[in-house]
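# Remarks on the overall topology
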Amino acid sequence: MAPVKRRVFKTKNEMAVELAKYTADLSSKFCKERGIFTVVLSGGDLIAWLWKLLEAPYIDSIEWSKWHIFWVDERVCAWDNVDSNYKLAYDGFLSKVPIPAENIYAIDNGLGAEGNAELAAERYEECLKQKVNQNIIRTYKSSGFPQFDLQLLGMGPDGHMASLFPGHDQINEKVKWVTSITDSPKPPPKRITFTLPVINCASYNVMAVCDKEQADSVAAALTHTKDLPAGRLTADVEVVWFLDQAAASKLPHGWCSIL
């Protein structure tokens, strides 16, 4: 099991600075080693915290043409829908960096607009398998699941990550790479999501969480329960939780030094 690190920052701005450095360093590493950097995005506040990558020195030094972008989960809707994680990422980040359009792998727009969650999940899994066959995505050495270089995740106040929610069967899926959910407790109800084995096969997993409303779930996930989906997060090389002071406020004293 990969080591789990915790980094606590006084402000969201300081967290964004370090999140950008962490991402840029891994981009340099994988672009040098593989000529490709596979990055998985999530929704929520994560995109807003990537803003430092849009500034010097990163905007001009990162090899954006070697990035390949995927989503850990997506709302089943059209790309231009306000609920779309693709739209969130495009408007706030992807439209501002020179990643080739053909390197960005969104949910099938037509199936999203139709609301066909099950088929959208199947098609996205087919997309991942195609990228494996093209040697864009690596596979995990023992299981054959896709292995992404870096996954940037968030967590809800209930401890969910991606669209894996407490008490829902999707967390127990062990065969599929991508599955669907039609009764999400958080609207909209129809979503597709990576399964837990796929999430946990990533080389590096970052969980970025801010604000006091998340504090109880942060403490539960990091200390004593695997009942929360986020409490089951691991990785092949390293898991790092990026937290602000408020999100870390319920952790046992001495667990994290504030940076």
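Everything discussed here concerns the structure shown above.
Each chain carries its own residue numbering, running from 1 in the written order of its sequence. Residue-level local features of this predicted model are given only where pLDDT is at least 70; pairs of side-chain atoms are given and counted only at 80 or more, and the full residue set underlies all totals for whole chains, interfaces and linings. Processing note: side-chain calculations cover all non-hydrogen atoms of the structure and skip hydrogens and water entirely.

### Re the overall build of the chain
Applicable threshold: Segments assigned H or I by DSSP are reported as helices when at least four residues long, segments assigned E as strands when at least two residues long, and all are numbered from the N terminus. With C-alpha atoms as the basis for the radius of gyration, the globule rule is written as 2.2 Å multiplied by the number of residues raised to the power 0.38. Throughout this description, buried means an accessible area under 20% of the type-specific maximum (1.4 Å probe, protein chains only), exposed means over 50%, and partly exposed covers the range between.
Counting secondary structure elements, the chain contains 7 helices and 11 strands. Taken over the C-alpha trace, the chain has a radius of gyration of 17 Å; the compact-globule value for 259 residues is 18 Å, and the two agree within 12%. Referenced to the eigenvectors of the C-alpha coordinate spread, the extents of the chain come out at roughly 50 × 45 × 40 Å. When the 259 residues of the chain are sorted by exposure, 56% land in the buried category.

### Some details on the pattern of salt bridges
Put simply, the rule reads: When a carboxyl oxygen of Asp or Glu is within 4 Å of a side-chain nitrogen of Lys or Arg, the pair counts as a salt bridge.
Counted according to the given criterion, the structure contains 14 salt bridges. For the salt bridge of K5 with E238, the shortest nitrogen-to-oxygen distance reads 2.6 Å. Taken together, the residues K5 in strand β1 (residues 4–9) and E238 in strand β11 (residues 238–244) connect sequence positions 233 residues apart. Between E55 and K52 there is a salt bridge, with its nearest N and O atoms 3.0 Å apart. Judged by its relative accessible area of 17%, K52 is buried.

### Let's talk about the side chain of S27
Just so we agree on the cut-off: Whether two residues are in contact is decided by their heavy atoms, any of which lying within 4.5 Å being enough.
Along the polypeptide, S27 turns up in helix α1 (residues 12–33). With near-sequence residues (within four places) excluded, S27 lies in contact with F37, I62 and W67.

### A look at the packing of aromatic side chains
Basically, it comes down to this: Two aromatic rings, drawn from Phe, Tyr or Trp (for Trp, its six-membered ring), form a pair once their centres lie within 6.5 Å of each other, and the interplanar angle then sorts them: stacked below 30 degrees, edge-to-face above 60, tilted otherwise. Our definition puts a charge over a ring when NZ of Lys or CZ of Arg is within 6 Å of the ring centre and also within 35 degrees of the ring normal.
Summed over the entire model, instances satisfying the criterion amount to 14 aromatic pairs. Ring geometry for W64 and W67: centres 4.7 Å apart, planes at 50 degrees, overall tilted. On the basis of relative accessibility, which here comes to 3%, the residue W64 falls in the buried class. Ring pairing ties together the aromatic residues F30, F37, W64, W67, F93 and Y204, which thus form one cluster. Stacked on the ring of F30, the Lys or Arg K29 has its end atom at 5.3 Å from the ring centre.

### Comments concerning the sheet that holds strand β4 (residues 73–75)
Put simply, the rule reads: At least two DSSP bridges between two strands are required for those strands to pair. Here the axes come from fitting lines to C-alpha atoms, over the contacting stretch only for helices, and the angles between their N-to-C directions go from 0 to 180 degrees.
With respect to topology, 3 strands assemble into an open sheet ordered β4-β9-β8, the strand pairing being antiparallel. The open sheet has two free edges, formed respectively by β4 and β8 (178–181), since each of these has just one partner strand. Averaged over all pairs of adjacent strands, the angle between their axes in this sheet comes to 20 degrees, without regard to strand direction. The pairing of β4 with strand β9 (residues 191–194) spans 3 bridges and is antiparallel. Among the inter-strand pairings, D73 is bridged to a residue of β9, identified as T193. Sitting on the sheet, helix α5 (residues 117–133) is in contact with β8 and β9, with an inclination near 165 degrees to β8.

### A few points about the nonpolar core
Note the cut-off: Here, nonpolar core refers to any group of buried Ala, Val, Leu, Ile, Met, Phe, Trp, Tyr and Cys residues whose side-chain atoms link them within 4.5 Å.
Core analysis: the biggest nonpolar cluster contains 91 residues, and L41, L53, W67, W71, F194, W241 and L243 have the highest contact counts within it. Counting residues per element, this core draws most heavily on α1, which supplies 8 residues. If we ignore the near neighbours within four places in the chain, the residues touching L53 are A20, T23, A24, Y58, I59, I62, W64, W67 and F93.

### Focus on the sheet that holds strand β3 (residues 67–71)
Ordered in space as β1-β11-β10-β7-β2-β3, the 6 strands form an open sheet in which the pairing is parallel. In the strand order of this sheet, the two ends are held by β1 and β3, each with one partner. Within this sheet the neighbouring strands show an average axis-to-axis angle of 20 degrees, counted without direction. With 5 bridges joining them, strand β2 (residues 37–41) and β3 adopt parallel strand pairing. Paired with T38 across the two strands is H68, which belongs to β3.

### What to know about α1
What counts here: The span you would expect from a helix comes to 1.5 Å times its residue count less one.
Over its 22 residues, α1 extends 31 Å from the first C-alpha to the last, a length consistent with the 32 Å expected when each residue adds 1.5 Å. Buried within α1 are the following residues: M15, A16, L19, A20, Y22, T23, A24, L26, S27, F30 and C31. Following α1 by one or two positions, G35 adopts a phi angle in the positive range, close to 75 degrees.

### Quick notes on the pairing of strand β7 (residues 150–153)
The alternating pattern of β7 places L150 and L152 on one face and Q151 and L153 on the opposite face, and all of these are buried. Pairing analysis gives 2 bridges linking β2 to β7, with the strands arranged parallel. Paired with V39 across the two strands is L150, which belongs to β7. Two elements, β7 and strand β10 (residues 204–209), share 4 bridges in a ladder whose sense is parallel. Bridging across to β10, L153 finds its partner in M207.

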